[in-house]
Structures are given as structure tokens and as C-alpha cells.
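# Summary of the model geometry
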Amino acid sequence: MRVIWAMARVVILELIRRKDFYVLFTLAAVLTLLAGSVNIFNDRQIARYVVEINYLLVMISSLVIAVTTTARQIPNEFEQRTLLSLLAKPVSKGQVLAGKYLGAWVACGLCLVVFYVFMMLLTYTKQHGLGVPLLFQAAWLHWVMLGVVIGLALAGSLVFAAPSSNATICLVVVVGWLGVGRYLDKLAFGTAEPLQSVLLALYYLLPHLEFFDLRELLIHHWPPVKWGAVAIATLYGWFYMALLYALSCWLFQRKRMH
Amino acid sequence: MVRPFFIMGLLASAAFALAATLGGMGWSATLMTGGRDNFSTVFLGETRRLLANHFFIKADAYFHGGYYPSVFDNQSAYQTAHFVEDAGHAESKNEGDEHDFLGKPRNFLDRFGRNFYPSEHIHLGDESEHRHEHHGEEREILPWMRLAATLDPENPVTYAATAYWLRRMNKVKEAEQFLREGLRHLPGDPQILFELGQIHRDANNDFEKARNLWEAALRRWDEREAPKEEPNVFLLNQILAQLAKLEEETGRTSQALKYLQRLKTISPYPESIEQWMARLRNSTDQNK
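Residues numbered from 1 in each chain as written. Chains lettered and ligands numbered in written order. Predicted model: local features only at pLDDT ≥ 70, side-chain atom pairs only at ≥ 80, totals over all residues. Heavy atoms only, no water.

The next thing to look at is the overall build of chain A. Of the regular secondary structure elements, chain A holds twelve helices and zero strands. If you list the helices and strands of chain A from N to C, you get α-α-α-α-α-α-α-α-α-α-α-α. Whereas a compact globule of 258 residues would reach a radius of gyration of roughly 18 Å, chain A reaches 20 Å, a difference of no more than 12%. For chain A, the C-alpha atoms occupy an extent of roughly 65 × 50 × 35 Å along the three principal directions. Looking at the 258 residues of chain A, the share that counts as buried comes to 52%. (Helix = DSSP H or I, 4+ residues; strand = E, 2+ residues; numbered from the N terminus. Rg over C-alpha atoms; globule rule 2.2 N^0.38 Å. Buried < 20%, exposed > 50% of the residue type's maximum accessible area, 1.4 Å probe, protein only.)

Before going further, it helps to examine the overall build of chain B. Of regular secondary structure, chain B possesses 13 helices and zero strands. In chain B, the succession of helices and strands from N to C terminus is α-α-α-α-α-α-α-α-α-α-α-α-α. Within chain B, the proportion of its 288 residues that are buried is 47%. Of the contacts formed within chain B by residues at least 6 apart in sequence, a portion of 53% connects residues at least 24 apart. Approximately 15500 Å² of chain B is accessible, and the part contributed by carbon and sulfur atoms is 55%. (Contact = heavy atoms within 4.5 Å. Areas by Shrake-Rupley, 256 points an atom, 1.4 Å probe, with all protein chains shown as cover.)

Now for the state of the cysteines. Summed over the entire model, instances satisfying the criterion amount to zero disulfides over all chains. For C108 of chain A, which is in no disulfide, the shortest distance to another cysteine sulfur is to C111 of chain A and amounts to 5.9 Å. (Disulfide = S-S within 2.5 Å.)

Residues and elements named next belong to chain B. In the contact formed by helix α8 (residues 172–185) and helix α9 (residues 190–203), the axes pass within 10 Å of each other and the chain directions differ by 160°. Regarding the angle of α8 to α9, the classification is roughly antiparallel. Here α8 and α9 pass one another in a crossing that is left-handed. Here α8 contributes V172, A175, E176, L179, R180, G182 and L183 to the contact with α9, which in turn contributes I192, L193, E195, L196, I199, H200 and A203. (Axes fitted to C-alpha atoms, helices over the stretch in contact; angles between N-to-C directions. Parallel < 35°, antiparallel > 145°, perpendicular 65-115°, else oblique. Left-handed = near helix turned anticlockwise from the far one by under 90°.)

Our next topic: the confidence of the model for chain B. Where the model shows low pLDDT, its predicted coordinates should not be examined in detail. Chain-level pLDDT for chain B is 81 on average; 84% of the residues reach the 70-or-more range. Predicted complex metrics record ipTM = 0.86 and pTM = 0.83. (pLDDT = per-residue confidence, 0-100.)

In this section: the interface of chain A and chain B. Counting from both sides, the interface comprises 37 residues of chain A and, opposite them, 36 residues of chain B. In total, about 3400 Å² of surface goes out of reach between chain A and chain B, with carbon and sulfur atoms giving 63% of it. Among the residues chain A hides against chain B, the three largest losses belong to F41, R48 and W222 of chain A. Together they make up 23% of the total. Where chain A touches chain B, the interface holds four salt bridges. Here K58 of chain B makes a salt bridge to E52 of chain A, at a shortest N to O gap of 2.5 Å. Remark: the boundary between chain A and chain B carries 18 residue pairs in polar contact (both at pLDDT 80 or more). Mapped by element, the contributors of at least two residues to the side of chain A that touches chain B are α3 (48–71), α9 (184–189), α10 (195–205), α11 (215–219) and α12 (227–254) of chain A. Considering only residue class, the side of chain A that touches chain B consists of 21 nonpolar, six polar and ten charged. (Buried area = accessible area lost by both parts, 1.4 Å probe. Salt bridge = Lys/Arg side-chain N within 4 Å of Asp/Glu carboxyl O. Polar contact = N/O pair within 3.5 Å; in protein donor to acceptor, adjacent residues only side chain to side chain. Nonpolar A, V, L, I, M, F, W, Y, C, P; charged D, E, K, R; others polar.)

Scanning the model with the defined rule gives 29 aromatic pairs over all chains in all. Residues W105 of chain A and W143 of chain A carry aromatic rings whose centres are separated by 4.1 Å and whose planes lie at 10° to one another, so their mutual orientation is stacked. Placement of W105 of chain A in helix α6 (residues 93–125) and of W143 of chain A in helix α7 (residues 132–157) is noted, with a sequence separation of 38 residues between them. Owing to a relative accessible area of 11%, W105 of chain A belongs among the buried residues under this scheme. Seen in terms of ring centroids, Y159 of chain B and F178 of chain B are 5.1 Å apart; in terms of plane orientation they differ by 50°. Their pairing is tilted. Here F178 of chain B lies in helix α8 and Y159 of chain B lies in helix α7 (residues 156–168), a separation of 19 residues in the sequence. For the pair Y159 of chain B and F178 of chain B, a shared accessibility class is recorded, and that class is buried. Joined through ring pairs, the aromatic side chains of F211, F212, Y236, F239 and Y240 of chain A together with F112 and F116 of chain B make up one cluster. For the cation-ring pair, K93 of chain A lies above F252 of chain A, with the distance from its terminal atom to the ring centre recorded as 5.5 Å. (Phe/Tyr/Trp six-rings, centres within 6.5 Å; stacked < 30°, edge-to-face > 60°. Lys NZ or Arg CZ within 6 Å of the ring centre and 35° of its normal.)

For the rest of this paragraph, the subject is a nonpolar patch on the surface. The grouping of L27, V30, L31 and L34 of chain A at the surface amounts to a nonpolar patch, some 360 Å² of accessible area in total. Here L27 of chain A shows up in helix α2 (residues 20–36). (Patch = residues over 30% accessible without salt bridge, like charges linked within 9 Å, V, L, I, M, F, W, Y side chains within 5 Å.)

This part covers helix α6 (residues 142–151) of chain B. In an α-helix, one full turn covers 3.6 residues, which means residues spaced three or four apart are oriented alike. By the criterion of burial, α6 of chain B is predominantly enclosed, with seven of the ten residues buried. Taken residue by residue, α6 of chain B has L142, P143, W144, M145, A148, A149 and L151 of chain B as its buried positions.

On to the side chain of N54 of chain A, then. Residue and element names in this part refer to chain A. Secondary-structure assignment places N54 in helix α3. One polar contact links N54 to T32, side chain to side chain, over a distance of 3.0 Å. Ignoring anything within four residues of it in the chain, the contact list for N54 reads A28, T32, F118, M119 and L122.

This part covers α9 of chain B. All names here are of chain B. With 14 residues, α9 should reach 20 Å at 1.5 Å per residue; the first-to-last C-alpha distance of 19 Å fits that figure. Taking burial as the measure, the 14 residues of α9 include twelve buried ones, the bulk of the element. If you check which residues of α9 are buried, you get P190, Q191, I192, L193, F194, E195, L196, G197, Q198, I199, H200 and R201. The secondary structure elements touched by the buried residues of α9 are α7, α8, α10 (207–225) and α11 (233–249). Two to three positions downstream of the cap, the backbone nitrogen of Q191 sits 3.0 Å from a side-chain oxygen, assigning the N-cap of α9 to D189. (Expected span 1.5 Å × (residues − 1).)

Attention now goes to the layout of surface pockets. Of the volumes computed, that of the largest pocket is approximately 1500 Å³. Forming the boundary of the largest pocket are 44 residues, of which Y183, R215 and E216 of chain A together with K58 and S70 of chain B lie nearest the centre. Looking at the lining of the largest pocket, the elements with two or more residues in it are α3, α8 (163–180) and α11 of chain A together with α3 (47–63) of chain B. What the second largest pocket holds in volume is close to 460 Å³. (1 Å grid on protein atoms, 1.4 Å probe; cavity = no way out; pocket = protein on both sides within 12 Å on 5 of 7 lines; lining within 4 Å. Points joined across faces, edges and corners; volume = space filled by probe spheres on them.)

In C-alpha cells:
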């Protein structure tokens with residue numbers, strides 16, 4: 001575990017040193033504050049559109065950070081020729097991947113804390129204080145979702161040659177899946193075989209990322225989700241994280257080191 | 001040494017050319033449209049109407065606290081925006097159960113997924129089982145209406161419905177200003193004149209001004225809507241009903257009867273109009 005944590009720390013430090021997060025956070029904050037400063041019919045209490053814009057920016061920023069941070073981990077090790085010397089030490093391929101995975105996930109979690117604290121402060125200034133339990137649930141499930149996305153990007157980094165292509169494909173898949181994943185079974189019933197079976201198989205097999213997106217509840221001031229449902233969604237997310245980690249290990253084992 | 005100056009000169013020329021092109025485009029567009037167009041009109045063209053429609057629907061989704069059908073759901077109960085319908089500015093084309101567009105859960109994933117998005121029908125401002133509404137939450141639809149009006153300033157429903165909700169929130173001055181902005185884009189529009197009349201009747205208790213505005217709305221309706229293949233009869237219904245009610249309240253029974261006579265020919269409930277007329281005639285006879 002010490003070895004894994006040591007490698008995870010390197011990934012976290014790398015994110016802290018890079019400018020990605022600072023740029024995205026500043027951009028999100030400036031755009032949100034600009035949107036919030038608009039005078040709409042002299043009503044200072046209108047707040048939900050600001051939360052929506054902020055949530056959208058947080059979602060985009062977090063996905064970009066998660067995917068780009070993860071996508072470059074393994075290719076960088078190859079490029080800088082540090083992977084072989086790393087593996088020459090008593091470190092297994094599985095530990096390398098676990099370290100990278102954990103590091104990227106924890107780093108994204110730290111970013112989310114900053115984003116959500118900003119969101120909370122913002123809504124309090126607009127006299128529209130978000131309920132802390134729902135905000136916590138939204139942030140937690142968001143983090144679990146990023147765990148699944150990181151798993152996908154990690155597996156992708158062992159398949160695709162360049163980090164840029166991996167990042168692009170991952171982002172397209174994740175955004176598309178967030179948009180239509182929930183309705184894929186409905187779409188399937190309107191199509192002919194064999195497409196119907198393919199769509200239904202995808203619906204049941206791929207992770208339902210919409211379980212981790214509490215946007216509508218957060219924006220429209222709904223009560224918190226039942227804690228039991230949050231726990232099940234967390235286990236569901238962890239299951240897919242484990243599955244993607246296993247897939248990455250299998251891909252890494254088969255990958256040529258030279 | 002010469003190279004940086006050369007690059008700076010090139011960039012300055014490019015900036016000047018770009019500014020001249022963009023300025024020219026804006027200028028010619030302004031000339032073509034009589035100076036009524038703004039930035040969005042010049043640069044977005046017809047796309048702005050699509051975007052305006054998107055934000056209009058967004059306002060309705062906000063009105064439902066996020067409980068709103070997507071393109072994949074059954075939308076039959078959401079053909080007419082509910083916040084416009086409640087404001088009395090559109091005839092409902094909605095069919096089916098607005099409370100249950102989701103239907104029964106299709107499978108275990110669908111059932112579980114409903115924990116994570118709104119799955120109860122509400123209207124902002126109403127109390128519901130799971131939510132405690134705060135007074136004036138209807139205000140949350142306003143940013144999207146404002147945006148819709150900016151992108152498509154030629155849709156009278158946007159102005160009229162927004163003014164209704166502003167009026168409900170005791171923002172009479174803002175409602176009137178918004179309607180006047182609408183009249184600048186759509187001079188003499190009967191729907192906007194009608195809503196303006198409502199403000200003067202309900203909020204300002206200025207019956208005389210309300211009458212003048214509604215009479216102007218009626219004249220404009222006859223000029224603009226009557227020749228159309230599918231005129232907005234719903235609006236005519238409202239104008240005539242409000243005029244008749246106003247004349248009744250101010251004791252001008254013969255005028256009221258004149259409006260009711262016309263209303264009877266277009267109303268979906270001619271019997272109730274007939275009863276109204278009979279009641280008016282009776283009260284006039286008793287007074288004599």
C-alpha cells in the first residue's frame with residue numbers, strides 16, 4: 001500500500017504543480033460571477049440559473065481534469081523511459097496502475113472540494129443556500145463518477161497511442177453516455193435487430209453515469225436523495241472502478257514494454 | 001530588428017481589416033432591418049429563434065422544478081408551456097397526464113435511477129408533498145424568459161407571459177417596462193396591449209387606461225389577426241371577455257352586451273355567455 005500511495009502522491013503533486021486546475025477554476029469562477037452579476041428585473045434573489053451555469057462549468061472542468069490527468073500518466077512513463085526502471089524495483093504493474101489510478105482520483109477529489117465550496121459560497125451570497133446534505137451527496141457521487149471516468153481513461157491510455165486521442169475519445173464517450181445512457185433501452189425498442197440487442201446489452205452492461213449526476217435536484221432545491229440509494233450508487237460506481245482497473249491490468253500485462 | 005515591427009504591422013492591419021469587415025456586416029444588417037437588430041440578430045441569424053425556443057422550454061422546465069420530459073419521453077402533456085398556459089396567454093394543446101409522463105419504471109435500473117432526478121410533478125409557487133416552496137420562487141423562470149426575449153424579440157407571448165409572472169410577484173413597474181420594450185419591437189401587438197391593459201386594471205386600478213388599451217388591442221386584432229387563415233381566436237376571446245367585464249363593472253351595460261354578443265359567436269361556451277347576457281339584461285331592467 002505504501003508503494004501505491006507513494007506513486008499516487010506523485011500524481012497529486014503533478015496536478016498541483018500544473019496550471020490546468022487553476023486555469024479551469026479561475027475561468028469557471030469568472031464566468032459564474034459574470035452570469036451572477038446580471039441584473040434581471042431588479043431581482044437579486046434569482047439564483048438557480050447561476051447554480052446551473054456553475055454546475056455545468058464544474059462538470060466540464062472536472063471531466064477535463066480527470067481525463068487529461070489520467071490519459072498522460074502511462075504514455076509519459078513510456079516516453080520518459082521511466083517505466084522500466086520503475087518496474088525493475090520491486091513494484092508490480094498492478095501497483096503502478098493502482099498508484100496512478102488512486103493519485104488521479106484523489107487529485108480530482110481535491111479539485112472537487114474547491115469547486116463545491118465555491119458553489120456553496122456563491123449560493124449563500126445569492127440568498128439561496130443549498131442544503132449541505134444534498135451538496136455533499138452531489139459532490140460525493142460526482143467524485144465516484146470521476147473514478148469511473150478515470151478508470152476508462154486509464155484503460156484507454158493502454159490502448160490508444162497518443163494521450164490526445166485517448167482524452168478526446170473518453171470525453172466524447174462520457175458526455176454522450178451522460179446524455180443518452182438513461183434512454184438507451186427506449187431507443188432500442190424503436191430499432192430493428194440486431195441493433196436492438198446491441199443497444200440493450202450496452203444499456204445493461206455499461207455504467208449508468210446519470211446515477212451520479214444530481215444536477216436537477218441541486219439546481220431546483222429538491223430534498224436530499226435517500227442515503228441508501230447513495231450507498232448503492234457508490235457500490236455500483238466502485239464495482240465499475242474495480243472492473244476498469246482489472247481491465248487496465250490485463251491490458252498492461254499484454255502491452256509490450258519496448 | 002525589422003521583423004518584430006513587420007509582424008506588429010501585419011497584426012494591426014489584420015485587426016483593422018477584421019474590425020472593418022465586422023463593422024460593415026453590422027452596419028449593413030442594421031440598415032436592412034431598420035436599425036432594430038442587436039448583436040444576436042446580426043451574428044446568430046435564424047439560429048437565435050431556435051435558441052430562444054430552447055430557453056423558453058428551459059423556463060417551463062424551471063417552472064416544473066426540473067420535472068420535465070426530454071426528447072425521449074412522452075411530451076404530449078407538455079405541448080404548450082404550462083407557465084404560459086397558467087398566465088392565460090396560450091390555448092392549451094396539452095393532452096395526457098402531466099403528472100406521470102415517466103410512466104411505470106421500465107426496469108430495475110430505471111426504477112433506481114429515479115432517485116437521482118426530480119420525479120414528482122410540481123409548479124413553482126405550489127406546495128408539494130416533498131418540497132417546501134418559498135414565496136416567489138416563480139422568479140427563477142425570469143432569466144430564461146429575458147434571454148428568450150433578447151434572442152427572439154418578435155415573439156409577443158414571451159413579453160406577455162413574463163409580464164404576467166412579474167405582475168404576480170408585485171413587480172408592476174418591471175412588467176410594464178418589459179411590455180413597452182415588447183411594443184418597441186412589435187408596435188401595436190394586440191397580445192402585448194392586452195397584457196398592458198391587465199396591468200392597468202389589476203395593479204393600478206386605472207379602468208380608463210385599461211379600457212383604452214383593450215379597445216386598441218381589439219382594433220389591432222381586427223386589423224392583423226382577422227384576415228389570417230388561423231387567427232388567434234383565444235386572444236380575441238380574452239380581450240372581449242375582459243372588455244365586457246370592465247364595462248359591466250363601470251355600469252356601461254349596453255357596451256358590455258355589445259362585446260358579449262361578439263364573444264358568444266366565438267366562445268367555446270356560448271351558453272354561459274348567453275347566461276351572462278341574460279343576467280346583465282335583467283339587472284338593467286330592474287334598475288329601470
